[in-house]
Amino acid sequence: MSEAVVAKRYADALFQLGDEKETLEQLLEELKVVKDVFDVNDSFVIFLKHPRINNEKKKQFLEDVFQDIQADVLNTMKILVERQRIDIVPSIIDHFIQLYNDAKGIAEATVYSVRELTKAEKEELEASFVKRFNKNKVIIHNVVDPSLIGGMKIRIGNTIYDGSITGKLKRIERNIVTAN
């Protein structure tokens, strides 16, 4: 079974637990902290995957590191250690965040622009995309990309809206080539 399918199943289970216990927001915040730990600390994952370290030491290590975290999250990580799948934790968290966002009507957008967007520009984009996608909220992540020359490129989910000058020039070039 592929890792994406397995990660989605664990994320679904965590989401259902959080929904039943009405702790989705707390679960989301704790999972973001766990993801940061996994993203920043490569030696952490290496330790948890090391074959010569027994699972009991790994579980104790998880308990020591994540003392203040919900039992559901900690137990999930312990199960992943036992099943030697601890490396899919970031993927599980990404799936969980997507489930949470879908349930709450939230969309995340990455906006690529030549310069940092002002607060007013971000708010205007948010308002525009809230209406366009019929969402309650749109979270915008701004990425500065000087290769765009001008304009911006927006990615929401798997859809990319390219309003950059570079994109327009490429479309013009493609039209010229196909016309000949």
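Here, every reference points to the structure presented above.
Residues numbered from 1 in each chain as written. Predicted model: local features only at pLDDT ≥ 70, side-chain atom pairs only at ≥ 80, totals over all residues. Heavy atoms only, no water.

**Quick look at the overall build of the protein**
The helix and strand inventory of the protein stands at eight helices and four strands. When the elements of the protein are put in sequence order from the N terminus, they spell out α-α-α-α-α-α-β-α-β-β-β-α. A globule of 180 residues ought to have a C-alpha radius of gyration of about 16 Å, yet the protein, at 21 Å, is considerably larger. Principal-axis analysis of the C-alpha atoms gives the protein an extent of 65 × 35 × 30 Å. Here the protein holds 180 residues, and 36% of them are scored as buried. (Helix = DSSP H or I, 4+ residues; strand = E, 2+ residues; numbered from the N terminus. Rg over C-alpha atoms; globule rule 2.2 N^0.38 Å. Buried < 20%, exposed > 50% of the residue type's maximum accessible area, 1.4 Å probe, protein only.)

**Describing the packing of helix α1 (residues 3–21) against helix α5 (residues 71–82)**
Relative placement of two packed helices is described by the angle separating their axes and the distance separating the axes. Where α1 contacts α5, the axes come no closer than 11 Å and their chain directions differ by 160°. When the axes of α1 and α5 are compared, the pair comes out roughly antiparallel. When you trace α1 past α5, the crossing you get is right-handed. Residues Tyr 10, Leu 14, Leu 17 and Lys 21 of α1 lie in contact with α5, whose contacting residues are Asp 72, Thr 76, Ile 79 and Leu 80. Residues belonging to the contact of α1 with α5 are distributed by class as follows: five nonpolar, one polar and two charged. (Axes fitted to C-alpha atoms, helices over the stretch in contact; angles between N-to-C directions. Parallel < 35°, antiparallel > 145°, perpendicular 65-115°, else oblique. Left-handed = near helix turned anticlockwise from the far one by under 90°. Contact = heavy atoms within 4.5 Å. Nonpolar A, V, L, I, M, F, W, Y, C, P; charged D, E, K, R; others polar.)

**Regarding the pattern of salt bridges**
Counted under the stated rule, the structure contains 11 salt bridges. We note a salt bridge from Asp 39 to Lys 35, for which the minimum N-O separation is 3.2 Å. Residue Asp 39 and its partner Lys 35 are located together in helix α2 (residues 24–40), separated by four residues, close to a single helical turn. Of the charged contacts, one joins Lys 122 and Glu 116 as a salt bridge, the two residues approaching to 3.9 Å between their closest N and O atoms. For Lys 122, a relative accessible area of 24% gives the class partly exposed. (Salt bridge = Lys/Arg side-chain N within 4 Å of Asp/Glu carboxyl O.)

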